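Observations on the model geometry
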Amino acid sequence: MEQKDIIKFSQVDFTYPEAEQPAVKALNLTLQAGTWTALIGHNGSGKSTVSKLLDGLLFPTNSDSQIMIAGLQLTPETVWEVRKHVGIVFQNPDHQFVGATVADDVAFGLENQGISRAEMQRRIPAVLAQVGMADYADAEPNHLSGGQKQRVAIAGILAVKPQIMILDEATSMLDPEGRKMVIDIVKKMMVQDHLTIISITHDLDEANLADQVLVLDDGQLIANGTPAEVFQKADLLERSGLALPFFYQLKSELMAQGINIPTTITTETELVAYLCQLNLNM
Ligand SMILES: Nc1ncnc2c1ncn2[C@@H]1O[C@H](COP(=O)(O)OP(=O)(O)OP(=O)(O)O)[C@@H](O)[C@H]1O
Ligand SMILES: [Mg+2]
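Residues numbered from 1 in each chain as written. Chains lettered and ligands numbered in written order. Predicted model: local features only at pLDDT ≥ 70, side-chain atom pairs only at ≥ 80, totals over all residues. Heavy atoms only, no water.

Let us now look at the site of ligand 1. The immediate surroundings of ligand 1 are formed by Tyr16, Ala23, His42, Asn43, Gly44, Ser45, Gly46, Lys47, Ser48, Thr49, Glu169 and His202. Taking Gly44, its main chain carries an N or O atom lying 2.8 Å from an oxygen atom of ligand 1. With respect to ligand 1, the side chain of Thr49 contributes an N or O atom lying 2.5 Å from an oxygen atom. When isolated, ligand 1 has an accessible area of 640 Å², and the protein chains bury 57% of it. Residues belonging to the shell around ligand 1 are distributed by class as follows: 2 nonpolar, 8 polar and 2 charged. (Near = heavy atom within 4 Å. Polar contact = N/O pair within 3.5 Å; in protein donor to acceptor, adjacent residues only side chain to side chain. Areas by Shrake-Rupley, 256 points an atom, 1.4 Å probe, with all protein chains shown as cover. Nonpolar A, V, L, I, M, F, W, Y, C, P; charged D, E, K, R; others polar.)

Spelled out as structure tokens, the structure:
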């Protein structure tokens with residue numbers, strides 16, 4: 001395993017007890033440190049099962065599989081060590097709170113790791129500032145908006161300094177503004193703290209901004225590459241019950257009208273700039 005490969009699954013199978021079909025089949029994947037990976041797929045395709053395998057909440061059900069996380073082989077013996085490197089933000093902001101105040105909530109994860117009180121008092125304000133929640137340290141979590149709650153959940157994870165952060169549809173219950181804010185914060189953390197991000201999402205426009213996209217279909221990896229590589233496989237995605245990001249839908253309509261869009265253009269922002277330029281040159 002190269003130093004840069006922070007996550008590696010080799011031939012991972014998982015079948016839930018009493019299930020007829022495996023939820024994950026012969027899964028191989030490699031993720032590099034400090035990158036953003038979007039994991040997409042239809043409902044029940046196995047995305048959350050993969051995130052639970054990553055965190056050792058579930059273990060593969062075949063003996064020849066191997067999961068490597070941050071240089072450690074994930075086994076029942078190493079799971080507590082591995083979990084120090086992995087934080088998960090879940091979908092429902094209301095299910096993530098344990099503290100009576102925002103600061104208590106962030107403190108909880110630190111207490112679990114036996115961090116000293118002095119160090120906690122240093123880290124808590126710092127991470128709340130990172131997610132733009134510094135003014136809310138004494139607020140009660142149930143008085144916050146969904147987006148604010150998710151930002152506190154992220155602060156709680158950043159506080160324990162993991163190498164990997166999994167967002168399991170963490171933005172799906174937020175409005176567009178809350179969604180953008182959470183994504184922007186996580187992007188910034190990725191660069192600043194060299195965090196590796198795995199975002200499980202039904203938002204294909206969000207997936208289009210990732211470094212790498214993985215597509216699961218009935219527990220199998222059916223496509224894997226940069227967003228441009230994956231989203232050009234429109235037929236494959238459609239068969240798997242997935243639409244295309246807005247940018248690719250628009251691009252295909254424009255191409256149908258005879259407007260050629262260079263392959264170097266892969267986002268809405270770049271497309272707008274290109275069309276404006278084209279218009280000026282006409
Ligand atoms: N606890 C469980 N017991 C039995 N089967 C389960 C359990 N959890 C999930 N499954 C099944 O495993 C498969 C994969 O489920 P998983 O939750 O990983 O999908 P998902 O891609 O996260 O779906 P969604 O987009 O709806 O969140 C599905 O067929 C699901 O019904
Ligand atoms: Mg899920």
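Let's shift gears to the layout of surface pockets. A volume near 780 Å³ is recorded for the largest pocket. Lining the largest pocket are 22 residues, with Gly87, Ile88, Gly109, Asn112 and Ile157 positioned closest to its centre. Looking at the lining of the largest pocket, the elements with two or more residues in it are helix H2 (79-83), strand S6 (86-89), helix H3 (102-112) and helix H5 (146-159). The residue makeup of the lining of the largest pocket, split by class, is 11 nonpolar, 7 polar and 4 charged. (1 Å grid on protein atoms, 1.4 Å probe; cavity = no way out; pocket = protein on both sides within 12 Å on 5 of 7 lines; lining within 4 Å. Points joined across faces, edges and corners; volume = space filled by probe spheres on them. Helix = DSSP H or I, 4+ residues; strand = E, 2+ residues; numbered from the N terminus.)

Here we come to the sheet that holds strand S3 (residues 36-41). The strand order across the open sheet formed by 6 strands is S6-S7-S8-S3-S9-S10, and the pairing between neighbours is mixed. The open sheet has two free edges, formed respectively by S6 and strand S10 (220-225), since each of these has just one partner strand. Within this sheet the neighbouring strands show an average axis-to-axis angle of 20°, counted without direction. Two strands pair when backbone bridges link them, and S3 and strand S9 (residues 212-217) are joined in this way by 5 bridges, in the parallel orientation. In the strand pairing of S9, Ile40 is matched with Val215. Across the sheet, H5 is in contact with S6 and strand S7 (164-168); its angle to S6 comes to roughly 175°. (Pairing = 2+ DSSP bridges. Axes fitted to C-alpha atoms, helices over the stretch in contact; angles between N-to-C directions. Contact = heavy atoms within 4.5 Å.)

Counted according to the given criterion, the structure contains 2 cavities of 30 Å³ or more. Roughly 70 Å³ of volume is contained in the largest cavity. Considering the residues around the largest cavity, the lining is formed by Ile7, Phe9, Leu29, Leu31, Thr37, Leu39, Val50, Leu54, Ile198 and Leu214. Those elements giving two or more residues to the lining of the largest cavity turn out to be strand S1 (5-14), strand S2 (24-32), S3 and helix H1 (47-54). Tallied by class, the residues present in the lining of the largest cavity amount to 9 nonpolar, 1 polar and no charged. Considered as a void within the structure, the second largest cavity measures approximately 30 Å³ in volume. Taken together, Leu167, Glu169, Ala170, Thr171, Ile183, Ser199, Ile200 and Glu206 make up the lining of the second largest cavity. Among the residues making up the lining of the second largest cavity, the classes are represented as 4 nonpolar, 2 polar and 2 charged.

We now examine the environment of Asp64. Position of Asp64 relative to the elements: it lies in the loop between H1 and strand S4 (66-69). Exposure remark for Asp64: the relative accessible area of 60% places this residue in the exposed category. On a C-alpha basis, the gap between Asp64 and Val12 in space is 8.0 Å, while along the polypeptide they are 52 residues apart. Polar contacts involving the side chain of Asp64 include one to the side chain of Asn62, which spans 2.9 Å. (Buried < 20%, exposed > 50% of the residue type's maximum accessible area, 1.4 Å probe, protein only.)

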